[in-house]
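What follows is the residue order along each chain.
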Number of protein chains: 2
Amino acid sequence: MVTGPAHDSKSARTRRRVVDAAAHVLLRRGYAGTRLSDVAEVAQVQAPAIYYYFSSREDLIDEAVAVGLDRARSLVTDALAEAPADAPAIDRLAIAVAAHLRTLLTHSDHAAAAVRTVPQLPEAMRERHRQAQRDYVDVWRALVTQVREEGDLDPALDPGTALMVVLGALNWTAEWWDPARGSLEGVIDAAQRLVRQGLAA
Amino acid sequence: MVTGPAHDSKSARTRRRVVDAAAHVLLRRGYAGTRLSDVAEVAQVQAPAIYYYFSSREDLIDEAVAVGLDRARSLVTDALAEAPADAPAIDRLAIAVAAHLRTLLTHSDHAAAAVRTVPQLPEAMRERHRQAQRDYVDVWRALVTQVREEGDLDPALDPGTALMVVLGALNWTAEWWDPARGSLEGVIDAAQRLVRQGLAA
DNA sequence: CTCGTTTTTTATTCTCGATGAGAATCCGAG
DNA sequence: CTCGGATTCTCATCGAGAATAAAAAACGAG
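A brief report on the enclosed structure follows. Remember, predicted model here, so these are calculated numbers, not experimental data. (Residues numbered from 1 in each chain as written. Chains lettered and ligands numbered in written order. Predicted model: local features only at pLDDT ≥ 70, side-chain atom pairs only at ≥ 80, totals over all residues. Heavy atoms only, no water.)

**Points about the side chain of His-110 of chain B**
All names here are of chain B.
Move 1: Within the secondary structure, His-110 sits in helix α6 (residues 109-117).
Move 2: A relative accessible area of 5% means that His-110 is categorised as buried.
Move 3: What His-110 contacts, discounting residues up to four positions off in sequence, is Val-19, Asp-20, Ala-23, Ala-64, Val-67, Gly-68 and Arg-71. (Helix = DSSP H or I, 4+ residues; strand = E, 2+ residues; numbered from the N terminus. Buried < 20%, exposed > 50% of the residue type's maximum accessible area, 1.4 Å probe, protein only. Contact = heavy atoms within 4.5 Å.)

**Some thoughts on the protein's contact with DNA strand C**
Move 1: Close contacts around DNA strand C come from 16 residues, with Tyr-52 and Tyr-53 of chain A together with Arg-35, Tyr-51 and Arg-57 of chain B the closest.
Move 2: At the protein interface, 75% of the atoms of DNA strand C within 4 Å belong to sugar or phosphate.
Move 3: Interatomic distance of 3.1 Å between a side-chain N/O atom of Thr-14 of chain A and a phosphate oxygen of DNA strand C.
Move 4: Elements with a minimum of two residues in the surface near DNA strand C: α3 (50-53) of chain A together with α2 (36-43) of chain B.
Move 5: Looking at the surface near DNA strand C residue by residue, the class counts come to seven nonpolar, six polar and three charged. (Near = heavy atom within 4 Å. Polar contact = N/O pair within 3.5 Å; in protein donor to acceptor, adjacent residues only side chain to side chain. Nonpolar A, V, L, I, M, F, W, Y, C, P; charged D, E, K, R; others polar.)

**Overview of a positive patch on the surface**
Residues and elements named next belong to chain A.
Move 1: A cluster of basic side chains, namely Arg-13, Arg-16, Arg-17 and Arg-71, defines a positive patch on the protein surface.
Move 2: Broken down by element, the positive patch gets its largest block of residues, three residues, from helix α1 (residues 12-33).
Move 3: Here Arg-13 lies in helix α1.
Move 4: The partly exposed category is assigned to Arg-13, whose relative accessible area is 45%. (Patch = residues over 30% accessible without salt bridge, like charges linked within 9 Å, V, L, I, M, F, W, Y side chains within 5 Å. Areas by Shrake-Rupley, 256 points an atom, 1.4 Å probe, with all protein chains shown as cover. Salt bridge = Lys/Arg side-chain N within 4 Å of Asp/Glu carboxyl O. Lys, Arg positive; Asp, Glu negative; His and termini not counted. Charge placed at Lys NZ, Arg CZ, Asp CG, Glu CD.)

**What to know about the protein's contact with DNA strand D**
Move 1: Contacts to DNA strand D come from 15 residues, most closely from Arg-35, Tyr-51 and Arg-57 of chain A together with Tyr-52 and Tyr-53 of chain B.
Move 2: Within 4 Å of the protein, the atoms of DNA strand D are drawn from sugar and phosphate moieties in a proportion of 75%.
Move 3: A distance of 2.7 Å separates a phosphate oxygen of DNA strand D from a polar atom in the backbone of Arg-57 of chain A.
Move 4: Tyr-52 of chain B places a polar side-chain atom, nitrogen or oxygen, 2.6 Å from a phosphate oxygen of DNA strand D.
Move 5: Within the residue set of the surface near DNA strand D, elements represented by two or more residues are α2 (36-43) of chain A together with α3 (50-53) of chain B.
Move 6: Residue classes in the surface near DNA strand D are distributed as seven nonpolar, five polar and three charged.

**Focus: the relation of the copies chain B and chain A**
Move 1: Superposition record for chain B on chain A: RMSD 0.3 Å, screw rotation 179°, translation along axis 0.2 Å. What the superposition gives is, in effect, a two-fold axis relating one chain to the other.
Move 2: A shared interface surface links the copies, since 97% of the contact residues of chain B are contact residues in chain A too. (Least-squares fit on C-alpha atoms with pLDDT ≥ 70 in both.)

**As for the pattern of salt bridges**
All names here are of chain A.
Move 1: Enumeration over the complete set of coordinates arrives at 32 salt bridges over all chains.
Move 2: A salt bridge links Arg-128 to Asp-62; its shortest N-O distance comes to 2.3 Å. With a gap of 66 residues between them, Arg-128 in helix α7 (residues 123-149) and Asp-62 in helix α4 (residues 57-82) connect regions that are remote in the sequence.
Move 3: Judged by relative accessible area, Arg-128 falls into the partly exposed class, the value being 45%.
Move 4: For Asp-62, a relative accessible area of 14% puts it in the buried group.
Move 5: A single network of salt bridges, built from pairs that share partners, joins Glu-123, Arg-126, Glu-127 and Arg-130.

**Some words on the packing of helix α9 (residues 184-199) of chain A against helix α8 (residues 159-176) of chain B**
Move 1: As a packed pair, α9 of chain A and α8 of chain B sit with axes 9 Å apart at the nearest point and diverge in direction by 65°. For the pair α9 of chain A and α8 of chain B, the crossing hand works out as right-handed. Contact residues: Gly-186, Val-187, Ala-190 and Leu-194 of chain A in α9 of chain A; Thr-161, Ala-162, Val-165 and Val-166 of chain B in α8 of chain B.
Move 2: Looking at side-chain class alone, the contact of α9 of chain A with α8 of chain B contains six nonpolar, two polar and no charged residues. (Axes fitted to C-alpha atoms, helices over the stretch in contact; angles between N-to-C directions. Left-handed = near helix turned anticlockwise from the far one by under 90°.)

**What to know about the interface of chain B and chain A**
Move 1: The interface is formed by 31 residues belonging to chain B together with 30 residues belonging to chain A.
Move 2: Roughly 2800 Å² is buried in total at the junction of chain B and chain A, and carbon and sulfur atoms are behind 74% of that figure.
Move 3: Here chain B is connected to chain A by zero salt bridges.
Move 4: When contributions to the side of chain B that touches chain A are tallied by element, the ones reaching two or more residues are α1 (12-33), α6, α8 and α9 (184-199) of chain B.
Move 5: Here the element with the most residues in the side of chain B that touches chain A is α8 of chain B; it accounts for 11 residues.
Move 6: Broken down by class, the residue content of the side of chain B that touches chain A amounts to 17 nonpolar, eight polar and six charged. (Buried area = accessible area lost by both parts, 1.4 Å probe.)

**Quick notes on the packing of helix α5 (residues 89-107) of chain A against helix α6 (residues 109-117) of chain A**
Residues and elements named next belong to chain A.
Move 1: It is the contact of α5 with α6, at a shortest axis distance of 7 Å, that shows an interaxial angle of 105°. Considered as vectors, α5 and α6 are oriented roughly perpendicular to each other. In this structure, α5 contributes Thr-103, Leu-104 and His-107 to the contact, and α6 contributes Asp-109, Ala-111, Ala-112 and Val-115.
Move 2: Of the residues that constitute the contact of α5 with α6, the class distribution is four nonpolar, two polar and one charged. (Parallel < 35°, antiparallel > 145°, perpendicular 65-115°, else oblique.)

**Brief notes about α1 of chain A**
Move 1: Compared with the 32 Å implied by 1.5 Å per residue over 22 residues, the 26 Å span of α1 of chain A between its first and last C-alpha is markedly short.
Move 2: At Leu-27 of chain A, α1 of chain A shows its largest bend, some 90°.
Move 3: For α1 of chain A, the elements touching its buried residues are α2, α3, α4, α6 and α7 of chain A together with α1 of chain B. (Expected span 1.5 Å × (residues − 1). Bend = angle between axes of the 7 residues up to and from the residue.)

See the structure below:
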């Protein structure tokens, strides 16, 4: 079953260790480069032990990606939930930008792995995550729509295209940002400014 | 240039087919996912024939990436060379944005493969391309510097960070843009507007 | 101690990069 | 045109390492 027991505590913690490890390796090596032996090493488990929890390499990666997409979405929605609901949409968008970058760059190997790996997945597997991806983008789409309704979006911009361009800017940060060479806050600040100014009417 | 006789015409066209095929596969499958058998199939060649031209898989990928980075840079600089040299820097930047997107999305598997793959390369290989990457980014850096000197850059923006965010937005388009579902010109237009507005003082 | 769950050990199969021994093809000299 | 050498490529196969299967061992609750 995908959805395990509500309680944890057994050594279904091992299972989670394995998924975490998969995300870790996935993030650094990409889909094809993710070897079970590496995952096992990170998870502190013998490689064949993975087969007790997952019926195949694909299954494991599939779950890691699913968890990542879900986490990426929920961390953004959580951040939005904490913000005043009546704030201008453009401000809420800026909050989402910050949350997304924080998630991607420091909080979650899962989210980062999912975002960076999805494009490399074999078609069949990507298909399985279409919906999750859509759910994730829809959160953003709603925000942009609100921004437009409040008249803060440049009418010459196609909202869908603009959104994808913005998300691209955010997602790509994972490729170049080096914690040793620049502060996270710096990246967030630049991204927020670019988005606010860029979309502005 | 790695090797390359100035004249072609022999079956050094085969060699080029192989490099082209490598870029093609690289773009879709990533570094670790690039199998020589797939490259061979695309290039219409038997797999071992590749070893007539390249001494190893690494060598082949290395050259494909080198060609790609070089092409990405030169297509942008060529476009800039055709623009009036005394145009405002912000306009020249917009030209570069358009050229980059055109290259990435329709003109060159090589450029797209290089741009999207470099982060996944093993350290040793990435090292070999540091300079080419720097050359490529430097073209942009120079543009941004000019924009700032002409007073068109928001002083609150860190130029380096802003540049990377912008390049990210461009590079990521390769992940989502679907020629069947939206015009290239639409993407270019959105990107140009976002960049102009986003960087503006 | 015993049974069921979890993990390791051992073994099998498969994929993929690499190579070496030639076969096909091309090309110029006679 | 044809012979012979150089160029270009194919076939068969190796060996490493990966994924998986199967079986055995360790563990833990009752």
